[in-house]
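# Residue-level structure breakdown
So you can see what is in the structure, the chains are spelled out below.
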Amino acid sequence: MGLTASVLAIDAGNSKTDVAVVAADGNVLATARGGGFRPPAVGVGPAVDVLADAVGRAFAEAGVTSVAHVSACLANADLPVEEEQLAAALHARAWGTTVEVRNDTFAVLRAGVAEPRGVAVVCGAGINCVGMRPDGRTARFPAIGRISGDWGGGWGLAEEALWFAARAEDGRGEPTALARTLPGHFGLESMYALIEALHLDHVDQDRRHELTPVLFATAAGGDPIARSIVERLAEEVVAMAAVALTRLDLLGEQTPVLLGGSVLAARHPQLDAALRERLAARAPKAVPQVVTARPVLGAALLGLDHVGATAQVQERVRAYFER
């Protein structure tokens, strides 16, 4: 019979997967990194195979064959029914006696707080928000896109910037420097040329995310349209956070609001100032802070919460990832 560790922590995003094997005393026995987790694109089985590669390497390095509990925070686990489906798929791999699957936004939240209490808003490629209390209550949104009322994230910002720039160039909309800066990023002279390049795949669709930093730079240069888009994102972030705080009856208590994901972690001055000002107005006791810790730490801490680990054990894990 092989050795057994306490927790297998998995943080799986669209672009990469991080795993960690944690002993009962809080020592991190092994870590590994794997590819992106995209069940909507490849199917649940092949997506879990990607996790299995990283888990296998971590288990081998740790010298274990299983754990007591698997704590998996997974991208694309947007609805409870999806969490249940993915939990069953992970349980079938026999990596641990028990398995708990959560949306990956919970990992960002737990990584930024000393106890499972607070709200997190993540703005990377998309946007999402979750909240939790120590008693197990949670607040969340479907976060599937426009059909679930979402706007924001790198893709949404790029799309909005393109829309305004196209209309500015052809005369349907107000003038904006975006009509020059967006095509200029790709070495093109006009929005017409950029529209054609995107439509005919001369510029890969996946490169649209490169336009988000261009939007923020244009806003920083004072362009009113670009600035209005940034202001709208601040409104969306604060709206999600305020609703989550309200649902958890935390609006009247001093509560951390964690900000994560590439867009928020970049701390663009205009966005940072706008969302803090709006949050102070809607939730005066909220304490905003940017999360810089790796989300796999959050997955590990959620796992240690599940097995009833002491604060000392949890601090040992945090020290490992924050060194």
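This text follows the structure it describes.
Residues numbered from 1 in each chain as written. Predicted model: local features only at pLDDT ≥ 70, side-chain atom pairs only at ≥ 80, totals over all residues. Heavy atoms only, no water.

## Quick word on the overall build of the protein chain
Looking only at helices and strands, one finds 13 helices and 10 strands in the protein chain. Taken against the 2.2 N^0.38 rule, which gives 20 Å for 323 residues, the C-alpha radius of gyration of the protein chain at 21 Å falls within 12% of a compact globule. Referenced to the eigenvectors of the C-alpha coordinate spread, the extents of the protein chain come out at roughly 70 × 45 × 35 Å. Taken across its 323 residues, the protein chain has 50% of its residues classed as buried. Surface accessibility of the protein chain: about 14300 Å² in total, with carbon and sulfur atoms responsible for 53%. (Helix = DSSP H or I, 4+ residues; strand = E, 2+ residues; numbered from the N terminus. Rg over C-alpha atoms; globule rule 2.2 N^0.38 Å. Buried < 20%, exposed > 50% of the residue type's maximum accessible area, 1.4 Å probe, protein only. Areas by Shrake-Rupley, 256 points an atom, 1.4 Å probe, with all protein chains shown as cover.)

## Description of empty space enclosed by the protein
This model, assessed by the stated rule, comprises one cavity of 30 Å³ or more. As a volume, the largest cavity reaches approximately 40 Å³. Going through the elements one at a time, helix 10 (262–265) and helix 11 (269–282) are the ones with two or more residues in the lining of the largest cavity. Considering every element that reaches the lining of the largest cavity, the biggest residue donor is helix 11, with three residues. Considered class by class, the residues forming the lining of the largest cavity number five nonpolar, one polar and two charged. (1 Å grid on protein atoms, 1.4 Å probe; cavity = no way out; pocket = protein on both sides within 12 Å on 5 of 7 lines; lining within 4 Å. Points joined across faces, edges and corners; volume = space filled by probe spheres on them. Nonpolar A, V, L, I, M, F, W, Y, C, P; charged D, E, K, R; others polar.)

## Examining the sheet that holds strand 8 (residues 138–140)
As summarised here, the arrangement of the five strands in space is 8-7-6-9-10, forming an open sheet in which the pairing is mixed. Two strands in the sheet have a free side with no partner beyond their single neighbour: strand 8 and strand 10 (286–290). Looking at each pair of strands side by side, their axes are set apart by 15° on average, direction ignored. Across four bridges, strand 6 (residues 118–123) lies against strand 9 (residues 255–260) in parallel orientation. Looking at strand 9, one finds that Val-119 is bridged to Val-257. (Pairing = 2+ DSSP bridges. Axes fitted to C-alpha atoms, helices over the stretch in contact; angles between N-to-C directions.)

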